[in-house]
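# An overview of the molecular structure
Below, each chain spelled out in residue letters.
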Amino acid sequence: MKFKDLHNQNKPLLIGNVWDVSSTKIAERLNLQAIGTSSSAIAALLGYNDGEEMEFSELEYFVKRIVLNTKLPLSVDLESGYSRNPIEIANHIKQLAAIGVVGINIEDSIVKDNRVLLNADEFARTLSEIKKILHKENFEIFINVRIDTFLLNYSNAIEETKKRIQLYENAGANGIFIPCIKNIADIKEIVTYTKLPINVMCVPNLPNFDTLTQLGVKRISMGNFLFDKMYSQFEQTLQEVINQKSFKSVC
């Protein structure tokens, strides 16, 4: 089944968010249908904050290692494209596609001192240019556009999200990702507003998978939550070793 078709199943596509080869192999052993990188997790591994602090070349290295060690379709979190220039962003996408990547996430916010939303019309024009370049050069890749209205607690988030969905759909988006949306009524309203597959993410109080299926959600992401939980458990275990002066908690 093509990656695009995985977004049209009876149940949502559960994306296993990974950050290295080990996490990738675990996702494959557990028979997940597809995986996606977590930019936040990879940045943390390298000592960066999330928000394009690392170089695209550093992300590309991780992606190469992951692709070489899995048969699962891989989508890459490209943040905001590691550029504001559509030609450069398209080149980044082409480099990833050449490695074997089948999808990307691109978000409509950037981090300056704080994370801020990009102008919706300008971002839509950027998307349109990217799609034209990729189409002209016969690069087929699933573009999942992340809308950060709920993430940033934008006032009147529903209406702003709808406005952006319409712009991005017209620009050629293949899917819409809305992190931090969690209210059942909000999810239902957004799902029924567009024919594009809607992607939600692991956050506190997100409805369970059965409810999300009933609401019509087509993709569920894990973000960096599993990565953060793993290291929280590592810290707890290490603290036990220090306190107990023993490795009983480990083996």
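Our subject is the structure listed above.
Within each chain, residue numbers correspond to sequence positions counted from 1 in written order. Totals for whole chains, interfaces and linings use every residue, but because this is a predicted model, local features are given only for residues with pLDDT of at least 70 and side-chain atom pairs only at 80 or more, for both listing and counting. By convention in this description, side-chain values take in all heavy atoms of the structure and omit both hydrogens and water.

### Section: the overall build of the protein
Put simply, DSSP marks the helices as runs of H or I at least four residues long and the strands as runs of E at least two long, and each gets a number from the N terminus on. A tally of regular secondary structure across the protein gives nine helices and ten strands. Throughout, the radius of gyration refers to the C-alpha atoms, and the reference size of a globule is 2.2 Å times the residue count to the power 0.38. The C-alpha atoms of the protein give a radius of gyration of 18 Å, which matches the 18 Å a tight globule of 251 residues would have. Structurally, the protein occupies a C-alpha span of about 60 × 40 × 40 Å along its principal axes. Here the protein holds 251 residues, and 48% of them are scored as buried. Residue contacts are counted whenever heavy atoms from the two residues lie within 4.5 Å of one another. Counting only contacts in the protein whose residues sit at least 6 apart along the sequence, the fraction spanning at least 24 positions is 63%. Per element, the accessible surface of the protein, about 13,100 Å² overall, is 50% carbon and sulfur. In summary, the charge assignment counts Lys and Arg as positive and Asp and Glu as negative, without counting His or the chain termini. Think of each charge as sitting on NZ of Lys, CZ of Arg, CG of Asp or CD of Glu. Between the averaged position of the 28 positive side-chain charges in the protein and that of its 30 negative side-chain charges there is a distance of 6 Å. Between buried and exposed lies partly exposed: a residue is buried under 20% and exposed over 50% of the maximum accessible area for its type, with that area taken using a 1.4 Å probe on protein chains only. For the area figures, the Shrake-Rupley method with a 1.4 Å probe applies, and any residue is considered shielded solely by the protein chains shown.

### Let's talk about the nonpolar core
Judged by nonpolar contacts, the single largest core of 64 residues is most densely connected at Tyr168 and Ile176. Residue contributions to this core peak at seven residues, all from helix α5 (residues 120-136). Once residues lying within four places of it in the same chain are set aside, the contact partners of Ile176 are Asn144, Val145, Ile147, Ile165, Tyr168, Leu196, Pro197, Ile198 and Asn199. Within the second largest apolar cluster, six residues are counted, among which are Leu13, Ile15, Ala34 and Phe142. Only buried residues count toward a nonpolar core, which is a set of Ala, Val, Leu, Ile, Met, Phe, Trp, Tyr and Cys residues joined through side-chain atoms within 4.5 Å.

### Points about the sheet that holds strand β2 (residues 34-37)
Strand order in the closed barrel formed by eight strands is β1-β2-β3-β4-β7-β8-β9-β10, with parallel pairing between adjacent strands. The sheet shows a mean angle of 25 degrees between the axes of neighbouring strands, taken without regard to direction. Any two strands are treated as partners once DSSP identifies two or more bridges connecting them. Bridge analysis of strand β8 (residues 175-177) against strand β9 (residues 198-201) gives two bridges, and the strand direction is parallel. Bridging across to β9, Ile176 finds its partner in Ile198. Interaxial angle, 0 to 180 degrees, is taken between N-to-C directions of lines fitted to C-alpha atoms, where a helix line uses only the stretch in contact.

### Quick word on the pattern of salt bridges
Definition used for salt bridges: Asp or Glu carboxyl oxygen within 4 Å of a side-chain nitrogen of Lys or Arg. Going through the model one piece at a time under the given rule, you end up with 13 salt bridges. Taking the shortest distance from any N to any O, the salt bridge between Asp108 and Arg164 comes out at 2.9 Å. In this pair, Asp108 sits in the loop between β4 (103-107) and β5 (109-111) while Arg164 sits in helix α6 (residues 157-171), placing the two residues 56 residues apart along the sequence. Take Asp108 and Arg164: they sit in the same class, and that class is buried. Overlapping salt bridges, with partners in common, bring together Asp50, Glu107, Arg115, Arg146 and Asp148 in one network.

### Examining helix α3 (residues 56-67)
Multiply 1.5 Å by the residue count of a helix minus one, and that product is the helix's expected span. Compared with the 16 Å implied by 1.5 Å per residue over twelve residues, the 16 Å span of α3 between its first and last C-alpha is a close match. Every buried residue of α3 is accounted for by Phe56, Leu59, Glu60, Phe62, Val63 and Ile66. Each buried residue of α3 sits inside an arc of 165 degrees when the element is viewed along its axis, so together they form one side. Considering only its buried residues, α3 is in contact with β1 (13-18), α1 (21-29), β2, α2 (39-45), β3 (74-77) and α4 (86-99). Taken from the helix axis, the directions to the C-beta atoms give the arc we talk about.

### Comments concerning the packing of aromatic side chains
Classification of ring pairs rests on two measures: the distance between centres of Phe, Tyr or Trp rings, Trp counted by its six-membered ring, which must be within 6.5 Å, and the angle between planes, read as stacked under 30 degrees, edge-to-face over 60 and tilted in between. Applying the stated rule across the entire model yields seven aromatic pairs. For the pair Tyr231 and Phe234, a centre-to-centre distance of 6.2 Å together with 75 degrees between the ring planes defines the contact as edge-to-face. With a gap of three residues between them, Tyr231 and Phe234 both fall in helix α9 (residues 225-244), about one helical turn apart. Residue classification places Tyr231 among the partly exposed positions, given a relative accessible area of 38%. When its relative accessible area of 51% is taken as the criterion, Phe234 is described as exposed. Counting every residue linked through ring pairs, the aromatic cluster contains Trp19, Phe227, Tyr231 and Phe234.

### A few points about the packing of α5 against α6
Relative orientation of the contacting elements α5 and α6 amounts to 20 degrees, with a least axis distance of 8 Å. In terms of their interaxial angle, α5 and α6 are classed as roughly parallel. The chirality of how α5 crosses α6 is right-handed. Contact residues: α5 offers Ala120, Asp121, Phe123, Ala124, Leu127, Ser128 and Lys131, while α6 offers Lys163, Arg164, Leu167, Tyr168 and Ala171. Here the term charged refers only to Asp, Glu, Lys and Arg, the term nonpolar to Ala, Val, Leu, Ile, Met, Phe, Trp, Tyr, Cys and Pro, and the term polar to all other amino acids, Gly among them. For the contact of α5 with α6, the per-class residue count stands at seven nonpolar, one polar and four charged. Each angle gets one of four labels, with under 35 degrees taken as roughly parallel, over 145 as roughly antiparallel, 65 to 115 as roughly perpendicular, and the rest as oblique. Crossings are classed by handedness, with left-handed meaning an anticlockwise turn of the near helix from the far one by less than a right angle and right-handed meaning a clockwise turn.

### Re the pairing of β3
On a regular strand, each side chain points to the face opposite its neighbour's, so the side chains alternate between the two faces of the sheet. Burial of the side chains of β3 extends over both faces: Leu74 and Val76 are buried on one face and Ser75 and Asp77 on the other. Where β2 lies against β3, two bridges are found, and the strand directions are parallel. Bridge pairing links Ile35 to Leu74 in β3. Where β3 lies against β4, three bridges are found, and the strand directions are parallel. What sits directly across from Val76, in β4, is Ile104. After leaving β3, the chain enters α4 and then returns to the sheet as β4, a path that is right-handed. Seen with its strands pointing away from the viewer, a crossover is right-handed when the path leading from the first strand over the helix to the second is clockwise.

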